[in-house]
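# Survey of secondary and tertiary structure
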Protein chains: 2
Amino acid sequence: MLQPEHRLAVLLHGGILGDSGKTGLTLLRYRQGAIAAVIDHETAGQDFQQLTGIARSLPIYGSVAEAIAATEIDVLAIGIAPSGGKLPEPWLAEIDQAVQAGLSIANGLHTPLLLRYQAQLQPQQWIWDIRQEPAGLAIGGGRARSLTAQRILTVGTDMSVGKMSATLELDRAAQAKGLRSAFVGTGQAGILISGQGVPLDAVRVDFASGAVEQAVLTAAEQVDYVWIEGQGSLLHPGSTATLPLLRGSQPTHLVLVHRLGQTHNRHFPEFIIPPLTEVIQLYESLAAASGIFGRPKVAAIALNGGQASDETVADAADQISQETGLPCTDVVRFGAANLLTTILEARDS
Amino acid sequence: MLQPEHRLAVLLHGGILGDSGKTGLTLLRYRQGAIAAVIDHETAGQDFQQLTGIARSLPIYGSVAEAIAATEIDVLAIGIAPSGGKLPEPWLAEIDQAVQAGLSIANGLHTPLLLRYQAQLQPQQWIWDIRQEPAGLAIGGGRARSLTAQRILTVGTDMSVGKMSATLELDRAAQAKGLRSAFVGTGQAGILISGQGVPLDAVRVDFASGAVEQAVLTAAEQVDYVWIEGQGSLLHPGSTATLPLLRGSQPTHLVLVHRLGQTHNRHFPEFIIPPLTEVIQLYESLAAASGIFGRPKVAAIALNGGQASDETVADAADQISQETGLPCTDVVRFGAANLLTTILEARDS
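Residues numbered from 1 in each chain as written. Chains lettered and ligands numbered in written order. Predicted model: local features only at pLDDT ≥ 70, side-chain atom pairs only at ≥ 80, totals over all residues. Heavy atoms only, no water.

### Structural notes on the overall build of chain A
Secondary structure assignment for chain A yields 13 helices and 12 strands. Taking 2.2 N^0.38 as the reference for a compact globule, 349 residues should give roughly 20 Å; the C-alpha atoms of chain A span a radius of gyration of 20 Å, in line with that estimate. The dimensions of chain A, computed from C-alpha atoms along their principal axes, are 55 × 45 × 45 Å. Burial statistics for chain A: of 349 residues in total, 58% are counted as buried. Long-range contacts, defined as pairs at least 24 residues apart, comprise 70% of the intrachain contacts of chain A with a sequence gap of at least 6. Carbon and sulfur atoms make up 49% of the accessible area of chain A, which totals about 14000 Å². The averaged location of the 33 negative side-chain charges in chain A is 6 Å from the averaged location of its 23 positive side-chain charges. (Helix = DSSP H or I, 4+ residues; strand = E, 2+ residues; numbered from the N terminus. Rg over C-alpha atoms; globule rule 2.2 N^0.38 Å. Buried < 20%, exposed > 50% of the residue type's maximum accessible area, 1.4 Å probe, protein only. Contact = heavy atoms within 4.5 Å. Areas by Shrake-Rupley, 256 points an atom, 1.4 Å probe, with all protein chains shown as cover. Lys, Arg positive; Asp, Glu negative; His and termini not counted. Charge placed at Lys NZ, Arg CZ, Asp CG, Glu CD.)

Okay, here's the thing in structure tokens:
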């Protein structure tokens, strides 16, 4: 389906200045394959790098039609997630234009698009509805436990604390070291970035562990280190995804991700985040149950420093290190090389 | 949809003597509403009570047509689960006959039947595909924590250890005591028995906690004690359902269910069941995370004695009580009154 050589245009109307563009912006930050254009009527013609801080030199066009006229594009990736998951009519018209122009569509919205366009697709043209349960799933059997590849799963003190970014940074650092390493995406952005993975939130409970297992087994065929994007949190009252991730990936290591200064669930203030030492113990106990590789440990902590100064973040990381006895850093800001070293050293512990 | 006054015929071809009839037999054992007939070509005309040990006086007919001719039936409940979930052709033909005769259908198979029959349904006639995700689900918000009704969730050392039966027995014992009490089914048999609930294995991960929450909130409108049927096990490598059950029901108490003598996962012998004290601690830690009612405790242990003698079971229960400091009994065999008393006493602890 989506290949690294595909030239993407990312549909981001209102998402560069507004806050509905997280998926597209993450794709722009982390995709290693080609990206040809961004589409945003609000910022058309402006400097993408200056606007976003993302180190990628890219033109911003005001519409799909303009982008198609100006440059060569293979795939339109929908990078905005309007509230309710429904595309406003004018943007749907733009997707129509893209399909008519022969572009494939990568769609991370809840609303599937394949049915709408199926009849008019040319050979080689596809519609990828990412948030659909894959076919051919089976019940999980903990089979990832027998892999020789290491399996490192990120877990968090809340949702949206930076698990995906930390996972991507660790995979990057491993590849920079020349290791055979792969990232398994488990949400729409992670899957868009890597071109593969499992849309865990769209999978039925019965098959959730099996879906993760299958994705991890596939990834492990080619590599020695599999970095699995965490989802949800054991501390969130609506979250289910962490358990099938633990079961399906049978992790050899966990990396805990925490946002600097966060004391409670961002949507439910009455759900307090306990001391990190307790959080670590909770994840380790659950990972040990139903694993036969002993007790996988939290090997490191990735701190999401947000908008704080480098000094503040470095101090906070030091303090967390002292509290927990584990290495801690902001991997997006300071790089993941140090945490990676710890994880590699913990390999046989 | 399914009401207590509906007269059911339970389709059980081969399921009374064979082992594909678990759903139907459980329905026959625990449904409090009317059941008019059993359909099984293998045992037609024989004594139902003698064959099954279930205290219900019922005719067994050889076919749907015979049952319809002989007695008044409102609903055909499919009580067999053939391997692969696909009904053999002759039995599908019998379901056709039932629909033509005006019967409603309660279908717990993975294969939906509504589409097949929708066009020919008369008013009042319905097809209930139990294993479909309900409409209108939302993300869970831990709202059950604010209920005044007590919420007691069964958890297990494995799948298929008797969580549903233990939950039903506890609800029965509470009702026998005159308490306002309800059972929330979370699997096909439990839902068939109670006429409501949430088919958790068919719900997408994103909505799993929310689906449980919604079912528990609805049940709690009428009662003071909500007994939630457990699913899966934290000790099973393929299981995901326990986490949304803990999150959605925000339990005030847990009841641990264990099968006498079982030392490891029945499908994965390499997954050992740890000492029950460790299992209890695991469930309590996870229940405490993301709950704000303090730490819900395992209040009692329900032992599934299987085919062992009463004496063996009673001795084993005593030993488990000594090990764990908790009351333990086989509630199906000896009744649930004692465990119920403990749970009621633990109410404010």
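### Quick notes on the interface of chain A and chain B
In this assembly, 36 residues from chain A lie in contact with 36 residues from chain B. On the chain A side of the interface with chain B, the three residues burying the most area are Val205, Thr240 and Phe271 of chain A, jointly 19% of the side's total. Applying the counting rule to chain A against chain B returns 2 salt bridges. Residue assignment for the side of chain A that touches chain B shows that the elements contributing at least two residues are helix H8 (208-220), helix H9 (242-249) and helix H10 (276-288) of chain A. For the side of chain A that touches chain B, the class distribution of residues is 17 nonpolar, 13 polar and 6 charged. (Buried area = accessible area lost by both parts, 1.4 Å probe. Salt bridge = Lys/Arg side-chain N within 4 Å of Asp/Glu carboxyl O. Nonpolar A, V, L, I, M, F, W, Y, C, P; charged D, E, K, R; others polar.)

### Describing the relation of the copies chain A and chain B
Note on the copies: chain A fits chain B at an RMSD of 0.0 Å, the axial shift is 0.0 Å, and the rotation between them is 180°. Read as a symmetry element, the transformation amounts to a two-fold axis. Measuring from the rotation axis to each C-alpha of chain A, the shortest distance belongs to arginine 204 of chain A, at 2.1 Å. (Least-squares fit on C-alpha atoms with pLDDT ≥ 70 in both.)

### With respect to the side chain of asparagine 265 of chain B
Residues and elements named next belong to chain B. Its place among the elements puts asparagine 265 in the loop between strand E10 (253-259) and helix H10 (276-288). A polar contact of 3.1 Å, which involves the side chain of asparagine 265, links it to the backbone nitrogen of phenylalanine 268. Not counting the four nearest positions on each side in its chain, asparagine 265 is found in contact with Asp158, Leu235, His236, Pro237, Phe271 and Ile273. (Polar contact = N/O pair within 3.5 Å; in protein donor to acceptor, adjacent residues only side chain to side chain.)

### Thoughts on the domain arrangement of chain A
Residue and element names in this part refer to chain A. Its domain assignment divides chain A into domain 1 (8-129) and domain 2 (143-348). Taken over C-alpha atoms, the centre of domain 1 sits 28 Å from the centre of domain 2. Taken together, the contact between domain 1 and domain 2 spans 14 residues of the former and 15 residues of the latter. With both chains or domains summed, domain 1 and domain 2 bury close to 1200 Å², and 61% of this area falls on carbon and sulfur atoms. When the buried area of domain 1 at its contact with domain 2 is split by residue, Thr23, Tyr30 and Trp128 rank highest and sum to 45% of it. On the surface where domain 1 and domain 2 come into contact, there are 3 residue pairs in polar contact (both at pLDDT 80 or more). Elements with a contribution of two residues or more to the side of domain 1 that touches domain 2: helix H1 (22-30) and strand E4 (75-78). Per-element tally for the side of domain 1 that touches domain 2: the top contributor is H1, with 6 residues. (Domains from an automatic or database assignment.)

### Looking at empty space enclosed by the protein
Residues and elements named next belong to chain B. If you walk through the whole model with that rule in mind, you get 2 cavities of 30 Å³ or more. When its volume is computed, the largest cavity comes out at roughly 60 Å³. Residue lining of the largest cavity: 12 residues in total, with Gln250, Pro251, Ala287, Gly291 and Pro296 positioned closest to the centre. A breakdown of the residues in the lining of the largest cavity according to their chemical character gives 7 nonpolar, 4 polar and 1 charged. (1 Å grid on protein atoms, 1.4 Å probe; cavity = no way out; pocket = protein on both sides within 12 Å on 5 of 7 lines; lining within 4 Å. Points joined across faces, edges and corners; volume = space filled by probe spheres on them.)

### Quick notes on the environment of lysine 177 of chain B
One can find lysine 177 of chain B in the loop between helix H6 (163-176) and strand E8 (181-184). Ignoring anything within four residues of it in the chain, the contact list for lysine 177 of chain B reads Leu340 and Leu344 of chain B.

### Here we look at the pairing of strand E5 (residues 104-107) of chain A
Residues and elements named next belong to chain A. Here E5 shows no split at all, with Ser104 and Ala106 on one side and Ile105 and Asn107 on the other all buried. The pairing of E4 with E5 spans 3 bridges and is classified as parallel. Counterpart to alanine 77 in the pairing with E5 is alanine 106. As paired strands, E5 and strand E6 (residues 127-129) are joined by 3 bridges and run parallel to one another. Residue asparagine 107 lies in a different strand from E6, and its bridge partner there is aspartate 129. (Pairing = 2+ DSSP bridges.)

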